[in-house]
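Residues per chain, in single letters:
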Number of protein chains: 4
Amino acid sequence: MSIVSFTPSPSQYSFTFGGVAPVMRVKPGTILSLFTEDAYCGRITSRNDHASSSLVAHELNPQTGPFYIEGAEPGDTLAVHIVDLTPARSWGASALIPFFGGLSSTPQSPSLQHPLDERTYIYEYDSANHTVGFAAQGSDFTVALPANPMLGTVGVAPAANEVRTSLVPERFGGNMDTPEMRAGSTCYLGVNVEGALLSLGDGHYRQGEGESCGTAVEGAMNVTIIVDLIKGGGPGWPRIESDTHLSSIGSGRPLEEAWRAGQVDMIDWMSELHGLDRLDSYQLLSQISEVPIANVVDTNYSAVTKIDKRLLPVSPAFGGMHAHLSNTAATLGTITY
Amino acid sequence: MSIVSFTPSPSQYSFTFGGVAPVMRVKPGTILSLFTEDAYCGRITSRNDHASSSLVAHELNPQTGPFYIEGAEPGDTLAVHIVDLTPARSWGASALIPFFGGLSSTPQSPSLQHPLDERTYIYEYDSANHTVGFAAQGSDFTVALPANPMLGTVGVAPAANEVRTSLVPERFGGNMDTPEMRAGSTCYLGVNVEGALLSLGDGHYRQGEGESCGTAVEGAMNVTIIVDLIKGGGPGWPRIESDTHLSSIGSGRPLEEAWRAGQVDMIDWMSELHGLDRLDSYQLLSQISEVPIANVVDTNYSAVTKIDKRLLPVSPAFGGMHAHLSNTAATLGTITY
Amino acid sequence: MSIVSFTPSPSQYSFTFGGVAPVMRVKPGTILSLFTEDAYCGRITSRNDHASSSLVAHELNPQTGPFYIEGAEPGDTLAVHIVDLTPARSWGASALIPFFGGLSSTPQSPSLQHPLDERTYIYEYDSANHTVGFAAQGSDFTVALPANPMLGTVGVAPAANEVRTSLVPERFGGNMDTPEMRAGSTCYLGVNVEGALLSLGDGHYRQGEGESCGTAVEGAMNVTIIVDLIKGGGPGWPRIESDTHLSSIGSGRPLEEAWRAGQVDMIDWMSELHGLDRLDSYQLLSQISEVPIANVVDTNYSAVTKIDKRLLPVSPAFGGMHAHLSNTAATLGTITY
Amino acid sequence: MSIVSFTPSPSQYSFTFGGVAPVMRVKPGTILSLFTEDAYCGRITSRNDHASSSLVAHELNPQTGPFYIEGAEPGDTLAVHIVDLTPARSWGASALIPFFGGLSSTPQSPSLQHPLDERTYIYEYDSANHTVGFAAQGSDFTVALPANPMLGTVGVAPAANEVRTSLVPERFGGNMDTPEMRAGSTCYLGVNVEGALLSLGDGHYRQGEGESCGTAVEGAMNVTIIVDLIKGGGPGWPRIESDTHLSSIGSGRPLEEAWRAGQVDMIDWMSELHGLDRLDSYQLLSQISEVPIANVVDTNYSAVTKIDKRLLPVSPAFGGMHAHLSNTAATLGTITY
């Protein structure tokens, strides 16, 4: 099985969903081995690099792609199975950025208060123990946390000819920042334009739900995915399937609107999978829904509605695509970069 | 060890936090064995009982209590350890109520749309298998779900001489509707008035996060708690400790305000437990926070900020109260009602 | 015509709606001449009195009342016609209060940012020119602004046995903080308890829409009202009628929920006055609605939905009560205190 | 003085801000006489034309433009003075559109409720009396309302290479839907790209504040503007100056975020015009702010923060541009199309 590799040069980074020419055309079923730069464009390398002086506006959250998926048409469903996520550096970084984050006023919701002090944290990645190390700056507290690699951003070109920055999560995916986007998961995205134009990036070595301060343990990532296509059936909001769970990720503001969007999408998904009418599906979801918040810091907030597949009868989604791609992934053996 | 039992008569139900005379005075350390009626005041007993005709306004969500805790003064911390929650009936009920629930317009946020159709679902409780049974009404789909007994509502009298209905979650606790309020958990509440005036109720045999339609599998519950008192240290928002997690529950609208409240409370809690300054605590929380939504349906919404104690060094909260009460609970042996 | 006068002693101030015994029983039609202390309880008298050191928590926004209106029963409509508002002192005060105001984080929606600097502004009231004087503190800018006396807070006891602080605006009225509550206006409030229990206060010599920093030009006020009663017809939200406009004031969070509440109430009011069905009323309101925001700073936000009576055919509201009370007021001649 | 006229053919309509090639290059100071089609693309012509069957998705709210303004560079300020707005047809139309409007659930904030019934209202425009006629459909009520022509949508290309549909209001202007955008007003917009790329449309013969049902009295409009350029000084949010008022229009969700954005922008504007520090400006704004809501129905909500120039000392904004353009407009005499 051939694997297509791609490492973008900095001039090839993509900072929007839509509005960018594809870097490559690939067929459904292609395995892609990719490098993604961190959300800072690699400009923060030590705790002395502060966001306000080191970062370049409009060069944030670089994406690898877009990939033109042959045969993808508006209304179709793109399936992106994450085979592997391996930190590409021995450290990640999280930064407290002025007027950014969930516990600060922001340009979108300003106050007259002064910004929080800036701090940058470097987390050493211990690949043997698969941990990232936190060291406090106001005391000598340290702790090693399990690494939990994920992609903050996976998306396609938006509908209605829109072009959005890679900082935005929306119906087209984008910067959802959910830890559910981990190896072993399959992400389903509705296709809006010919070729879908898939991009991804924003590797996190670890992130809490909500991404409170606005930055996770951001790090360059080696990424292996299988991209596939389902004709038709494009969901209204991004969906993720793992071996154990189905998720729908709504995005919007205020946070309850993000939640409502994901809930209704899951209700419709459950109705389809289990032959339930909408009210029955609503009732059942009320008793089984898990709602881990994704982010309360981005341009839109994102909330995950998640159900445990083991609670319900078996009913394969999207024609069994997740199992199919998981099986394919299993044939690949150990992934190296 | 003596156990104080109390089953309220209907005339003793309490429908507010504050504004009600205590049903009993108890000393810190008392074990209470209580009966709580369901949120419908027992008025829904079959799927033919619809909310709009069966329920009585202002007789919703009856609470058992209030209990006057001797020695409790404003600024203190009440600890409520849930020893056991056992369904008191062989069935629970969930109802789709007109203009209520997370996917309906409500009197607080009205639209001009018609209400959803009413439906009442009876879930048989199978005590042998500890499951509740869902049966669809629009098809013949059925499924048995694991029971997961919890209390929707635990609270004390509010500050500032306020009196709030038992439908409201706020700083004083109340109708938070989080599945974290389960047997084995210790809830910490800041005391606002002499005696604290603890009430609880709203048993759920099972509930999904968010309580989407507004009602869980509501059921009468037998409840065993140990109530204890810590002088001083009253937290700003309700906190819950289990063997594995610390949680803070913020409530408000929109949902992000509930989240912010719980996040800041947890930051301050982590700072205190681990000697971190606030920015370090913010940073660390950003990487470890779990945010399971509690409810998006009540007068205020509630969001849980939760951390896994196993990720951080051991540092007993509230003087080790949770371990102390868990140990006491363990001495009680099998609970019967 | 007899006028009943009442000036509360500090021990008679009321800090809640509900939960307080009436200071007086009055018959419908009574003219009341009242004194209201300022929202600071008179504790800020110079620009050196800062909120954080001068104010006493739980002694904010003192109300004059409650007045028990004889014959008022739940479901009735209380009519409060404001005959006159005259500043009772030669100055008012506005304060920037830490973690309060629309452009600051608050305890309800906290950030980790530091509070804004405190400043207190004393506005001299020039009764001859009917102006209040603003003097900048960071420069020598001064300006005299037209006085525009209003009451921030008018309300009755809440429904469902609740007791709310005088800082809250809700269905029962309370701290709505709208400049529409001025002399010449009639406020209609739904009665929730026997006697209604009317209280009012929070005089503002002038306030901008939104009350941005959280405090208006707060000042003690001499108040003349006529209180009257309409059997039945209690509106869902507070309404105000002036010679030129009808208003409904919704309160809630987020701000769009306050807006929706007032809009639907106005739609129903227009339907009733003009024989329109709800969709026609919605359509018509869409073209004539005025929406001056009341406050974006209180526990709930308040939005006014207002229509110009001159745009629509004459159709007296509440049986012509406003005209009746205005006529009565006109017979009173010059008001003195 | 020469006037440049432009009437777009349907194939020239622009449905996005950004992402569209300019239809024309013009020099600063140019007078433009334009035709704008209505928001329905002219597809609703009678009350039998319902939105769900007559409208074409992605062909809503057609804009006339974009115009490339010579010399405009990022950071500059575009000034658009509206000389005249004259209805181009003898009728306008307002439609109740399924799952759209402020008192309906929407795709962005869905419920499970059914949509409202559809209705289309045709308002005859009486040019002699300058009124539009409302006729109820559920009764025989009719009323003639004063026409109040305005433009719902005025904007430039967004920053950060984004492309947004013409339905969105944001920092770049767009679909703000405020009645302040009337003849005699000057709109100031920050320039984000070379040439600014100004587009406008969405004529309303009349609109209430909030645009409750989502559609105003929509109508094709003849528009005369003067477009001019100020080097530098690009404001953070759209601003409007009339002979009597200064306004800043913030957009976002929830509505309080739109309000905060406009408030802070106005505080900075007042600081600049009157030499006030930010806290003094905040204080002064608190007492003089007018906040007429613009829309609570679009993708973002919009709130106007408005101050009466007559309350403050004279201090010309943007170098006196409004007076200059008003004077130029006055020389044009009667506008005809």
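The structure this text deals with has already been given above.
Quick notes on the rules
Residues numbered from 1 in each chain as written. Chains lettered and ligands numbered in written order. Predicted model: local features only at pLDDT ≥ 70, side-chain atom pairs only at ≥ 80, totals over all residues. Heavy atoms only, no water. Least-squares fit on C-alpha atoms with pLDDT ≥ 70 in both. Contact = heavy atoms within 4.5 Å. Phe/Tyr/Trp six-rings, centres within 6.5 Å; stacked < 30°, edge-to-face > 60°. Helix = DSSP H or I, 4+ residues; strand = E, 2+ residues; numbered from the N terminus. Buried < 20%, exposed > 50% of the residue type's maximum accessible area, 1.4 Å probe, protein only. Lys NZ or Arg CZ within 6 Å of the ring centre and 35° of its normal. Salt bridge = Lys/Arg side-chain N within 4 Å of Asp/Glu carboxyl O. Buried area = accessible area lost by both parts, 1.4 Å probe.

1. Some points on the relation of the copies chain A and chain D
In step 1: With an axial shift of 0.0 Å and an RMSD of 0.0 Å, the rotation relating chain A to chain D amounts to 180°. The two molecules are tied by a two-fold rotation axis, judged by turn and shift. Across chain A, the rotation axis passes nearest the C-alpha of Val163(A), at a separation of 2.3 Å.
In step 2: A shared binding surface is used by both copies, with 100% of the interface residues of chain A retained as interface residues in chain D.

2. As for the packing of aromatic side chains
Residue and element names in this part refer to chain A.
In step 1: Counting across every chain of the model gives 36 aromatic pairs over all chains.
In step 2: Taking 6.0 Å as the distance between ring centres and 85° as the angle between the ring planes, the aromatic pair formed by Phe-6 and Phe-67 counts as edge-to-face. Of the two residues, Phe-6 sits in strand β1 (residues 3-6) while Phe-67 sits in strand β5 (residues 63-69), which places them 61 residues apart along the sequence. Each member of the pair Phe-6 and Phe-67 is classed as buried.
In step 3: With a centroid separation of 6.4 Å and 90° between ring planes, the pair formed by Tyr-13 and Phe-15 is classed as edge-to-face.
In step 4: Here the aromatic cluster, defined as three or more aromatic residues joined through ring pairs, consists of Tyr-121, Tyr-123, Phe-134 and Phe-141.
In step 5: Seen from the ring of Tyr-68, Arg-25 lies directly overhead, with NZ or CZ sitting 4.1 Å from the centre.

3. Regarding the environment of His58(B)
In step 1: Relative to the helices and strands, His58(B) resides in the loop between α1 (51-54) and β5 (63-69).
In step 2: C-alpha of His58(B) to C-alpha of Thr215(B): the two residues are 157 residues apart in sequence and 16 Å apart in space.
In step 3: When sequence neighbours within four positions are dropped, the list of residues in contact with His58(B) reads Phe15(B) and Ala160(C).

4. Let's talk about the pattern of salt bridges
Residue and element names in this part refer to chain A.
In step 1: Inspection of the entire model under this criterion finds 68 salt bridges over all chains.
In step 2: Where Lys-231 meets Asp-76, a salt bridge forms, and the shortest distance between an N and an O atom there is 2.6 Å. Of the two residues, Lys-231 is situated in the loop between β17 (221-230) and β18 (239-241) and Asp-76 in the loop between β5 and β6 (77-87); the sequence distance between them amounts to 155 residues.
In step 3: Since its relative accessible area comes to 5%, Asp-76 is described here as buried.

5. Notes on the interface of chain A and chain B
In step 1: On the chain B side, the residues contacting the 63 residues of chain A number 63 residues.
In step 2: Interface area, chain A with chain B, both sides summed: about 5100 Å², of which 62% is carbon and sulfur.
In step 3: Three residues stand out in chain A for area buried against chain B, namely Leu103(A), Tyr282(A) and Gln287(A), and they jointly supply 14% of the buried area on that side.
In step 4: Across the chain A-chain B interface, the total number found is four salt bridges.
In step 5: When the shortest N-O distance is used, the salt bridge between Asp280(B) and Arg119(A) registers 2.7 Å.
In step 6: Sorting the residues of the side of chain A that touches chain B by element identifies β7 (91-96), β8 (119-126), β10 (142-146), α2 (255-274) and α3 (278-288) of chain A as the ones contributing at least two each.
In step 7: The element best represented in the side of chain A that touches chain B is α3(A), accounting for nine residues.

Structural measurements only, silent on function.
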